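Chain residues, written in single-letter form:
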Amino acid sequence: MSDLQMRRACRDDVAAIVRLLFDDELGRTREVLSDPLDAAYLAAFDAIEGDANQLLAVAAWRGAADIVGCLQVTFIPGLSHRGLWRGQIESVRVASSARGTGLGREMIAWAIEQCRQRDCGMVQLTSTASRTDARRFYETLGFEATHVGFKLDLRRS
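Per chain, residues are indexed from 1 in the order of the written sequence. In keeping with the model being predicted, local features are shown solely for residues with a pLDDT of at least 70 and side-chain atom pairs are shown and tallied solely at 80 or more, while totals for entire chains, interfaces and linings include all residues. Computation of side-chain values: all heavy atoms of the structure, hydrogens and water removed.

K.L.:
Can you help me understand the overall build of the chain in this one?
P.N.:
The secondary structure content of the chain amounts to six helices and five strands. A run of H or I in DSSP counts as a helix once it spans at least four residues, and a run of E counts as a strand once it spans at least two, with each numbered from the N terminus. Walking the chain from its N terminus toward its C terminus, one meets helices and strands in the order β-α-α-α-β-β-α-β-α-β-α. Its C-alpha atoms give the chain a radius of gyration of 16 Å, within 12% of the compact-globule value 15 Å for 157 residues. Projected onto its principal axes, the C-alpha positions of the chain cover 45 × 45 × 35 Å. Across the 157 residues of the chain, 34% fall into the buried class. Expressed as a percentage of contacts within the chain between residues at least 6 apart in sequence, the contacts between residues at least 24 apart total 62%. Carbon and sulfur atoms make up 51% of the accessible area of the chain, which amounts to about 10100 Å² in all. Think of it this way: Lys and Arg go in the positive column, Asp and Glu in the negative one, and His and the chain ends go nowhere. Every charge is mapped onto a representative atom, which is NZ of Lys, CZ of Arg, CG of Asp or CD of Glu. Once the 20 positive and 21 negative side-chain charges of the chain are each reduced to a mean point, those two points are 4 Å apart. As a reference, a globule follows 2.2 Å times the number of residues to the power 0.38, and the radius of gyration itself is taken over C-alpha atoms. Remark: exposure states derive from per-residue accessible area (1.4 Å probe, protein chains only) relative to the maximum for the residue type, with buried under 20%, exposed over 50%, and partly exposed in between. Between two residues, a contact is recorded if the distance between any of their heavy atoms is within 4.5 Å. Surface accessibility in these figures is a Shrake-Rupley result with a 1.4 Å probe; residues are shielded only by whichever protein chains are displayed.

Pasting the structure below:
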């Protein structure tokens, strides 16, 4: 898929990223599409952009203006495993119009390469348990479900 272009997201991309996040049944319950864009999204982008261990990226077909995918990589230093750095891939989204094209596979390969370039020794990700197709997809890429994840929603407690 040589016509894929991955790049660091810029502030002008935030509305397109929010549309991608909204473009599935779970996202529609969590995200807000509005014009103008909710200021919370821009504040979050500014925080991400200001953190050297964050990489928010977008995907587009080469020569096209439309963003068809996004993901975020967090580079995590740790003491465990003799100071191993980890790359955490999150918020992977592919536009519904581009699903099934191999775009997701290329995006994850690109994210893994970014982790290698930052000397990460491990790449990890999480996916909502109800996303069974996503789980199968990640397993085809060599990811293993080795841990059980837990979350505490502080907005509800």
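K.L.:
Sorry if this is basic, but what is going on with the pattern of salt bridges here?
P.N.:
Side-chain pairs of opposite charge can arise whenever the charged atoms involved come near each other. The salt bridge criterion pairs a side-chain nitrogen of Lys or Arg with a carboxyl oxygen of Asp or Glu, the two atoms within 4 Å. Under the defined criterion, the tally for this structure stands at nine salt bridges. Linking Arg156 and Asp153 is a salt bridge whose minimum nitrogen-to-oxygen distance equals 3.6 Å. The exposure class of Asp153 is partly exposed, given its relative accessible area of 24%. Because the salt bridges share partners, they merge into one network encompassing Asp24, Arg93 and Arg131.

K.L.:
Would you take a moment to explain helix H5 (residues 103-117) for this structure?
P.N.:
Because an α-helix completes one turn every 3.6 residues, residues spaced three or four positions apart along the sequence face the same direction. One less than the residue count of a helix, multiplied by 1.5 Å, gives the span that helix is expected to have. Along its 15 residues, H5 runs 21 Å from first to last C-alpha, staying within 8% of the 21 Å computed at 1.5 Å per residue. Of all the residues in H5, the buried ones are Leu103, Gly104, Met107, Ile108, Ala111, Ile112, Gln114 and Cys115. Contacts from the buried residues of H5 go to strand E1 (4-8), strand E2 (54-61), strand E3 (67-76), strand E4 (86-94), strand E5 (122-125) and helix H6 (132-140). Once H5 ends, the next one or two residues include Asp119, with phi positive near 60°.

K.L.:
What is the right way to read the packing of H5 against H6 from this model?
P.N.:
The axes used here are C-alpha line fits, helices contributing only the stretch in contact, and every angle between their N-to-C directions lies in the interval 0 to 180 degrees. Here H5 crosses H6 at 55°, and the two axes come no closer than 11 Å. The angle between the axes of H5 and H6 places the two elements in the oblique class. The handedness of the crossing between H5 and H6 is right-handed. Listed contacts from H6 to Gly104, Arg105 and Ile108 of H5 are Phe137, Tyr138 and Thr140. Here the contact of H5 with H6 is composed, by residue class, of three nonpolar, two polar and one charged. Oblique is the label for any angle not covered by the other classes, which are roughly parallel (under 35 degrees), roughly antiparallel (over 145) and roughly perpendicular (65 to 115). By definition, turning the near helix anticlockwise from the far helix through less than a right angle yields a left-handed crossing, and turning it clockwise yields a right-handed one. Side-chain classes follow a simple rule in which Ala, Val, Leu, Ile, Met, Phe, Trp, Tyr, Cys and Pro form the nonpolar group, Asp, Glu, Lys and Arg form the charged group, and the remainder, Gly included, forms the polar group.

K.L.:
What is the right way to read the layout of surface pockets from this model?
P.N.:
Gaps left between atoms show up when a probe the size of a water molecule is rolled over them. Here a cavity is any set of points on a 1 Å grid over the protein atoms alone where a 1.4 Å probe fits but cannot get out, and a pocket is any open set with protein on both sides within 12 Å along at least 5 of 7 lines; a residue lines the site when it has an atom within 4 Å of a point. Grid points are joined across faces, edges and corners, and a volume is the space filled by probe spheres set on the points. Here the second largest pocket defines a volume of roughly 230 Å³. Ile17, Leu21, Ile48, Leu56 and Gln72 are the residues nearest the centre of the second largest pocket, which is lined by 14 residues in total. Those elements that place two or more of their residues in the lining of the second largest pocket are helix H1 (14-22), helix H3 (39-49) and E3. Tallied by class, residues from the lining of the second largest pocket come to eleven nonpolar, two polar and one charged.

K.L.:
Please explain the sheet that holds E5 as it appears in this structure.
P.N.:
The pairing of strands in a sheet comes from backbone hydrogen bonds and takes either a parallel or an antiparallel form. In space, the five strands of this open sheet follow the order E1-E2-E3-E4-E5, with mixed pairing throughout. Sheet topology places E1 and E5 at the edges, where each strand pairs with a single neighbour. For this sheet the average axis-to-axis angle between neighbouring strands, irrespective of direction, equals 25°. Following DSSP output, two strands are said to pair if at least two bridges run between them. Examined bridge by bridge, E2 and E3 share seven bridges and lie antiparallel to one another. When the sheet's bridge partners are listed, Gln54 is paired in E3 with Thr74.

Treat this as a map of the structure, not an account of what it does.
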